[in-house]
Amino acid sequence: MSSAQVVIEQLADSDISKARTGSHVILEAAGGALLHAIRLDNGLLTLRGGQVRQLQVTQRLPAAATVRYPPPFGACEDSQFAQAASRASGCLGLSSNEVVGCLERAGAAVKELVIGGDALMSEVLCTWCVTGVALCWNVAEAYQSTKHSGASTGSRMLAD
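What counts as what
The residue numbering used here restarts from 1 in each chain and proceeds along that chain's sequence as written. The predicted nature of this model means local features are confined to residues of pLDDT at least 70 and side-chain atom pairs, given and counted, to a pLDDT of 80 or more, with totals for whole chains, interfaces and linings taken over all residues. The side-chain quantities take in all heavy atoms of the structure and omit both hydrogens and water. Note on definitions: salt bridges are taken to be side-chain nitrogens of Lys or Arg within 4 Å of carboxyl oxygens of Asp or Glu. Numbering of helices and strands runs from the N terminus, with a helix taken as a DSSP run of H or I at least four residues long and a strand as a DSSP run of E at least two residues long. To sort residues, take the accessible area from a 1.4 Å probe on protein chains only and compare it with the maximum for the residue type: under 20% means buried, over 50% means exposed, and anything in between is partly exposed. Planes of paired rings set the category: under 30 degrees apart is stacked, over 60 is edge-to-face and the rest tilted, where pairs are Phe, Tyr or Trp rings (Trp by its six-membered ring) whose centres lie within 6.5 Å. Either the NZ atom of lysine or the CZ atom of arginine qualifies as a charge over a ring when it sits within 6 Å of the ring centre and within 35 degrees of the ring normal. The pairing criterion for strands is at least two bridges between them, as found by DSSP. To define axes, lines are fitted to C-alpha atoms, for helices over the stretch in contact only, and angles between the resulting N-to-C directions are given on a 0 to 180 degree scale. Our angle categories are set so that under 35 degrees counts as roughly parallel, over 145 as roughly antiparallel, 65 to 115 as roughly perpendicular, and the remainder as oblique. Here a crossing is taken to be left-handed if its near helix is turned anticlockwise relative to the far helix by less than a right angle, and right-handed if that turn runs clockwise. Contacts were defined at the residue level, with two residues in contact if any of their heavy atoms lie within 4.5 Å. Polarity classes work like this: nonpolar for Ala, Val, Leu, Ile, Met, Phe, Trp, Tyr, Cys and Pro, charged for Asp, Glu, Lys and Arg, and polar for all others, with Gly in that last group. What pLDDT expresses is the predictor's confidence in each residue, scored from 0 to 100.

Visitor: Run through the pattern of salt bridges, naming residues and quoting values.
Guide: Following the criterion strictly, the structure yields 3 salt bridges and no others. Measuring nitrogen to oxygen at the nearest pair gives 2.7 Å for the salt bridge that ties E9 to R68. With E9 in strand β1 (residues 7-11) and R68 in strand β6 (residues 63-68), this pair connects stretches of sequence that are 59 residues apart. Residue classification places E9 among the buried residues on the basis of a relative accessible area of 3%. Its salt-bridge partner being D78, residue R20 comes within 2.2 Å of it at the nearest N-O pair. Of this pair, R20 sits in the loop between β1 and β2 (24-28) while D78 is found in helix α1 (residues 78-90), placing the two residues 58 residues apart along the sequence.

Visitor: For the packing of aromatic side chains, give the residues involved together with the corresponding values.
Guide: This model, assessed by the stated rule, comprises 2 aromatic pairs. Ring geometry for Y69 versus W137: centroids 5.9 Å apart, planes at 75 degrees, classification edge-to-face. Taken together, the residues span a long stretch of sequence, with Y69 in the loop between β6 and α1 and W137 in the loop between α3 (110-131) and α4 (139-149) at a distance of 68 residues. Classification of Y69 by relative accessible area gives buried; the value is 7%. Feature note: the residues Y69, F73 and W137 constitute an aromatic cluster, connected by ring pairs. Note that R87 overlies the ring of W128, its terminal NZ or CZ placed 5.9 Å from the centroid.

Visitor: Please provide a residue-by-residue account of the pairing of β2, values included.
Guide: In terms of residue burial, β2 counts as a mostly covered element, since 5 of its 5 residues are buried. Both faces of β2 are covered, namely the face carrying H24, I26 and E28 and the face carrying V25 and L27. Examined bridge by bridge, β2 and strand β3 (residues 34-40) share 5 bridges and lie antiparallel to one another. Within the sheet, the bridge partner assigned to L27 lies in β3 and is L35. Two successive antiparallel strands, β2 and β3, enclose a turn made up of 5 residues, where G32 displays a positive phi of approximately 95 degrees. Across 5 bridges, the pairing between β2 and β6 is antiparallel. When the sheet's bridge partners are listed, H24 is paired in β6 with V67.

Visitor: Summarise the packing of α1 against α3; cite the residues concerned and give the values.
Guide: Put simply, α1 and α3 touch, their axes get as near as 7 Å, and they point 135 degrees apart. Looking at the two axes, α1 sits oblique to α3. The interaxial crossing formed by α1 with α3 has right-handed handedness. Contacts from A84, R87 and A88 in α1 reach W128, C129, V130 and T131 in α3. Partitioning the contact of α1 with α3 into residue classes produces 5 nonpolar, 1 polar and 1 charged.

Visitor: Give me the confidence of the model for the chain: which residues, what numbers.
Guide: Overall, the predicted model of the chain reaches an average pLDDT of 89, with 91% of residues at or above 70. Here strand β7 (residues 155-158) stands out as the element of the chain with the lowest mean pLDDT, 35, in contrast to β3, whose mean of 97 is the highest.

Visitor: So what about the packing of helix α2 (residues 96-105) against α3? Which residues, and what values?
Guide: For the pair α2 and α3, the least separation of the axes is 10 Å and the interaxial angle reads 75 degrees. Here α2 is positioned roughly perpendicular relative to α3, judged by the angle of their axes. Two secondary-structure elements touch here, α2 through S96, V99, V100, C102, L103 and E104 and α3 through V110, L113, D118, M121, V124, L125 and W128. Tallied by class, the residues present in the contact of α2 with α3 amount to 10 nonpolar, 1 polar and 2 charged.

The following block contains the structure:
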């Protein structure tokens, strides 16, 4: 991976509807647990409980953010966001084992995925959907760092 880093953009009022379709979003639960997902037109896609699932957010979250990848990896045009949503939709229903196979073909290190479990697999799956490459960008760590440092240069608030 290059020395470039992801940018975490907090969503105003934790409103995931403000994230573009095809975006990698991070949802934070009240207990601090993080969930990586891809924003779709009709909900979110995530790896949870050993399977890629679609879900809806029905309550306000303590925090939510989008992940922006540096050029040339990040989506910036409508067609790239649409491609990310399409990749994600194609994974719906896959088991963790099938996700590992898919991510391995896209460049991920299988041993790291297995050791990291669903949390890391979900993060890398979202990264692959957006960038087309299954690299580990340490998104969860970037999110935590941004959260603890307040309004750092790696964090921006997204409004309307």
